[in-house]
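Listed here are the chains, written in short residue letters.
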Amino acid sequence: MELLRTPAAMRAWADARRAEGARIGLVPTMGYLHEGHLSLVSVAKDAGCEAVAATIFVNPTQFGVGEDFEKYPRDEARDLAMLDAAGVDAVYLPGVKDMYPEGHQTFVEVTGVSRGLCGAARPGHFRGVATVVAKLFLAAKPHVAVFGEKDCQQLAVIRAMTRDLDFGIEIVGAPIVREGDGLAMSSRNVYLKGEDRIAARCLSRGLFRAKALFDAGERDADTLVGAARKETETEPRAKVEYAEGRDPVTLTPLSGRVDAVTILVAAKVGPTRLIDNITLGKMIPGRDAS
Ligand code: PAF
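In this report, the structure presented in the accompanying data block is examined. Note that the structure is predicted; figures quoted are calculated from it, not measured.

Along the chain, Ile56 falls in strand β3 (residues 51–56). Separated by 38 residues in sequence, Ile56 and Pro94 place their C-alpha atoms 7.6 Å apart.

Structure below.
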C-alpha cells in the first residue's frame, strides 16, 4: 500500500494507474476508521475498481467555530493497518498546509441542496466539504468515488457538485452500517460515554418506528416523521435538532402522501451531535440526482 502525502504524489499515482488502464476508486475519509469506512472500500472494489485509494484528511474548512476540529479523533497507524488489511492500494494523507497553502482563496459552494438540515445548523460546513472533495477529486482523478449514505445531505451535495462541475466521476452511495443495537457507525461515536452511548440508540429507534408504520401501510409523510421525532424525543438525554421528510433523490421537503421518503434526523445526545436517516419505499427507477 503506497502512502502519498502531497497533491503532486497523489496525481502521479493516479496518472500511473490511468496509464495502466486501471479504473480508480476513491474513498474519502477523515480517518478514525470503522467498519462503515471499510464497507466503502468493498463497494469501490465491487464497482469494478482495480485501483482503490482512500484519503485521510481532517478538513478544517468544514468545521465551524467551536466545533470539534481540534479534538476530532485521529489514529493514523490504526487507520493504515485497517486500510492495508482491506486491500487498499494507496492512501492519500495530505497535511493542512498541502491542502490549503498560504494564499488559498478558492472555495466551491453548492447552493440549493446545502440549505436546511445540517446546512442550517452548520453554516459553511458544506462549502468546506465541497471544496475539499473537489480538491481530492482533482488530485486522485477517480472514475468512481464512494461515500456513506449516513451523511445523506453530504452525498446529495457531492452529487450536485460532481454533476454541475462536469467532473465525470461516478458517485456511489454505500448503505449505512449500524452497531448491533441500531446506532449508525460514526467516528464521533467515540465521544459517547456511559449513559449517552445507550441514549444514542434513540435516533435509529425513531427511524425504525417510522419504518414499522410505513411497512404497515402508513403513507403520510408528516405522520411518519412525527413518529420518528416522538420516539427520539422520549429519550431525555437527547435534544432533537431536526427531523424531516425529504425526497430520496432531490432532498426537497415532502409532506402529505408519499410513495417514498427519506427521513433525516439530527440530535444532540449529551454534548455529541449525531445524525441518521432512513429511506422508506422505493426510489423511482430512472430518477437520478447526478
Ligand atoms: O464524510 C467525511 O468523512 C468527510 O466529510 C469527507 C467527505 C471525507 C470530506 O472531508
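Of all the nine residues making up strand β8 (residues 261–269), eight are buried; the element is thus mostly covered by neighbouring parts of the structure. Of the pairings in the sheet, the one linking strand β7 (residues 238–246) to β8 comprises eight bridges and is antiparallel in character. Considered in β8, the bridge of Gly245 is made with Ile263. Between β8 and strand β9 (residues 272–280), which pair antiparallel in sequence order, lie two residues; one of them, Gly270, sits at a positive phi of approximately 60°.

Going through the model one piece at a time under the given rule, you end up with five aromatic pairs. Arranged with centres 5.4 Å apart and planes meeting at 65°, the rings of Phe63 and Phe69 form a pair that is edge-to-face. Considering the side-chain rings of Phe63 and Tyr72, the 5.8 Å spacing of their centres and the 80° angle between planes classify their relative orientation as edge-to-face. The residues Phe63 and Tyr72 share a single accessibility class, namely buried.

Attention shifts here to the side chain of Asp79. Tracing the sequence through the fold places Asp79 in helix α3 (residues 76–85). Judged by its relative accessible area of 1%, Asp79 falls in the buried class. Excluding residues that lie within four positions of it along the chain, Asp79 makes contacts with Gly31, Tyr32, Leu33 and Ile56.

For the rest of this paragraph, the subject is the sheet that holds strand β4 (residues 90–92). Across the sheet, which stays open at both edges, the six strands sit in the order β1-β4-β3-β2-β5-β6 with parallel pairing between neighbours. In this open sheet, the two strands that pair with only one neighbour each are β1 (2–4) and β6 (170–174). Pairwise comparison of adjacent strand axes, ignoring direction, gives a mean angle of 25° for this sheet. Where β1 meets β4, three bridges bridge the pair, whose relative direction is parallel. Bridged to Glu2 within β4 is Ala90. Helix-sheet contacts for helix α6 (residues 125–140) involve β2 (24–29), β3, β4, β5 (144–148) and β6, and the interaxial angle to β2 is about 150°.

So, about the site of the ligand. Residues in contact with the ligand, as listed here, are Pro28, Thr29, Met30, Asn59, Gln62, Val132, Phe147, Asp151 and Gln154. Between Gln62 and the ligand, the recorded distance is 2.6 Å, taken from a side-chain N or O atom to an oxygen atom. The contact in question runs from an oxygen atom of the ligand to an N or O atom on the side chain of Gln154, over 2.7 Å. About the coverage of the ligand: the protein hides 88% of its 290 Å² of free accessible area. Broken down by class, the residue content of the shell around the ligand amounts to four nonpolar, four polar and one charged.

A sheet is described by the order of its strands in space; here three strands give the open sequence β7-β8-β9, paired in antiparallel fashion. Strands at the two margins of the open sheet, each flanked by one partner only, are β7 and β9. Geometrically, the sheet is characterised by an average inter-axis angle of 15° between neighbouring strands, direction not taken into account. On the sheet, helix α9 (residues 201–215) packs against β7, β8 and β9 and is oriented at approximately 15° with respect to β9. With respect to the sheet, helix α10 (residues 221–233) is in contact with β7, β8 and β9, its orientation differing from that of β7 by roughly 165°.

Moving on to the pattern of salt bridges. Side chains that differ in sign of charge can pair as their charged atoms come close. Applying the stated criterion across every chain yields a total of 20 salt bridges. With a shortest N-O distance of 2.8 Å, Arg163 and Asp164 are connected by a salt bridge. By relative accessible area, which is 48% here, Asp164 ends up partly exposed. Here Arg246 ties to Glu244 by a salt bridge, and the two come within 2.9 Å at their closest N and O atoms. Beyond isolated ion pairs, a larger network of salt bridges with shared partners links Asp181, Arg197 and Arg201.

What follows deals with the environment of Asp84. Tracing the chain through its elements places Asp84 in helix α3. On the accessibility criterion, Asp84 (46% relative accessible area) is partly exposed. Distance in space between the C-alpha atoms of Asp84 and Lys193 is 29 Å, their sequence separation being 109 residues.

Now for the side chain of His125. Checked against the element boundaries, His125 lands in helix α6. What makes His125 buried here is its relative accessible area of 8%. At 2.8 Å, the side chain of His125 forms a polar contact with the backbone oxygen of Gln62.

About the thresholds
- Residues numbered from 1 in each chain as written.
- Predicted model: local features only at pLDDT ≥ 70, side-chain atom pairs only at ≥ 80, totals over all residues.
- Heavy atoms only, no water.
- Helix = DSSP H or I, 4+ residues; strand = E, 2+ residues; numbered from the N terminus.
- Buried < 20%, exposed > 50% of the residue type's maximum accessible area, 1.4 Å probe, protein only.
- Pairing = 2+ DSSP bridges.
- Phe/Tyr/Trp six-rings, centres within 6.5 Å; stacked < 30°, edge-to-face > 60°.
- Contact = heavy atoms within 4.5 Å.
- Axes fitted to C-alpha atoms, helices over the stretch in contact; angles between N-to-C directions.
- Near = heavy atom within 4 Å.
- Polar contact = N/O pair within 3.5 Å; in protein donor to acceptor, adjacent residues only side chain to side chain.
- Areas by Shrake-Rupley, 256 points an atom, 1.4 Å probe, with all protein chains shown as cover.
- Nonpolar A, V, L, I, M, F, W, Y, C, P; charged D, E, K, R; others polar.
- Salt bridge = Lys/Arg side-chain N within 4 Å of Asp/Glu carboxyl O.

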